[in-house]
Amino acid sequence: MKHIRGFASDNNASVHPKIMEALLKANEGHAIGYGGDIITERTQLLFKKVFGDEVETFFVYNGTGANVISIQALTNSFNAVVCACTAHINVDECGAPEKLSGCKLLPIETNNGKVTVEQIKQYMHGFGFEHHAQPKLISITQATELGTVYTIDEVKEIADYVHGLGLYLHMDGARLANAAAALNCSMADITFKAGVDVLSFGGTKNGLMFGEAVVFANAKLAENVKYIRKQSTQLHSKMRYTAAQFEALLTDDLWRENALHSNKMAKKLEEGIKQLKNVQLTQPVDSNGIFAIVPNDSIEKLQQEYFFYVWDENRSEVRWMTSFDTQEEDIEGFLEVLKREVG
């Protein structure tokens, strides 16, 4: 019998009570659609307070839409986007970024989900040569798909390098809150203050029911985004419901509270795993993801009680994600099952 909360994904978590409360409060009377309402206006101003006065914010339905719009806004169809081989845009978006932007993705092999300037350099050639897709955008993920976190200096180094070549830096921030909480800094510190040009800011992995945000460093970069968002079918008519959730998330640092808790639960799980002789951690636990190799014949038994996903079948590597609503008893219960089935 599966337990009510598992470790498959922070997307599987419930909606935070304060987010649900904000949705109910927004559900009063009529309001102008497509972002013309007071809640959306208020929340866009709140984004400026959190990320910087120059930013421009556009609310969308989902993370794939946010990434696609980010790419479309800063590229032409003959351009190339450099990313980690594990990047969501490369692995988990069914080719949507390439189909809708026309750009070629250039994935970098990486052991920890993080790309470096030296790795990016291998693709920085062929400029002006009409037979080659022209590099224009570097996309990094914070926290990465392997749960690791870029430091502020690492982001700055990449930004300085790509800007020196006239390129742009995109950050997939589906778990940006977890990264900022782990680094004990503001979300602005690891995004626009560090040189990011466009950010896909995730909400659903940190307590929202639905909705993501595309945030640009300045209005000039976002000049045509309202048209791109419409063409990409990401313009929500009843936008007040998306905005209301982000307003609650960014008020009184609810985003940080949620992220700190999920990170803390991951650390508690890590500590317990280190006591097990037949489980091998494969990545540092920087945020709320734990990657480990377990005996293959134990996976199905474990999943029957606490559902999770296999990350790499070839090496019997699994992924365990904690969430804002993960409880200590969930961790303790799962560790008991691990001890019994794996040892």
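A brief structural summary. (Residues numbered from 1 in each chain as written. Predicted model: local features only at pLDDT ≥ 70, side-chain atom pairs only at ≥ 80, totals over all residues. Heavy atoms only, no water.)

Another point: the packing of aromatic side chains. In the structure shown here, the tally under the stated rule is 17 aromatic pairs. Considering the side-chain rings of Phe51 and Phe201, the 5.6 Å spacing of their centres and the 70° angle between planes classify their relative orientation as edge-to-face. Residue Phe51 is located in helix H2 (residues 38-51), and its partner Phe201 is located in strand S6 (residues 198-202); the two are separated by 150 residues in the primary sequence. Residue class for Phe51 comes out buried when judged on its relative accessible area of 4%. Here Phe201 falls in the buried class, since its relative accessible area comes to 1%. Ring pairs connect the aromatic residues Phe47, Phe51, Phe59, Phe192, Phe201 and Phe246, which therefore count as one cluster. Lys114 extends its terminal NZ or CZ atom over the ring of Tyr150, reaching a point 5.7 Å from the ring centre. (Phe/Tyr/Trp six-rings, centres within 6.5 Å; stacked < 30°, edge-to-face > 60°. Helix = DSSP H or I, 4+ residues; strand = E, 2+ residues; numbered from the N terminus. Buried < 20%, exposed > 50% of the residue type's maximum accessible area, 1.4 Å probe, protein only. Lys NZ or Arg CZ within 6 Å of the ring centre and 35° of its normal.)

The next subject is the sheet that holds strand S8 (residues 280-281). Spatial ordering of the open sheet is given by S8-S9-S11-S10, a layout of four strands whose pairing is antiparallel. Since the sheet does not close on itself, it has two edges, and those belong to S8 and strand S10 (309-312), each with one partner. Where S10 and strand S11 (residues 317-321) come together, three bridges link them in antiparallel fashion. Directly across from Asp312, in S11, lies its bridge partner Glu317. (Pairing = 2+ DSSP bridges.)

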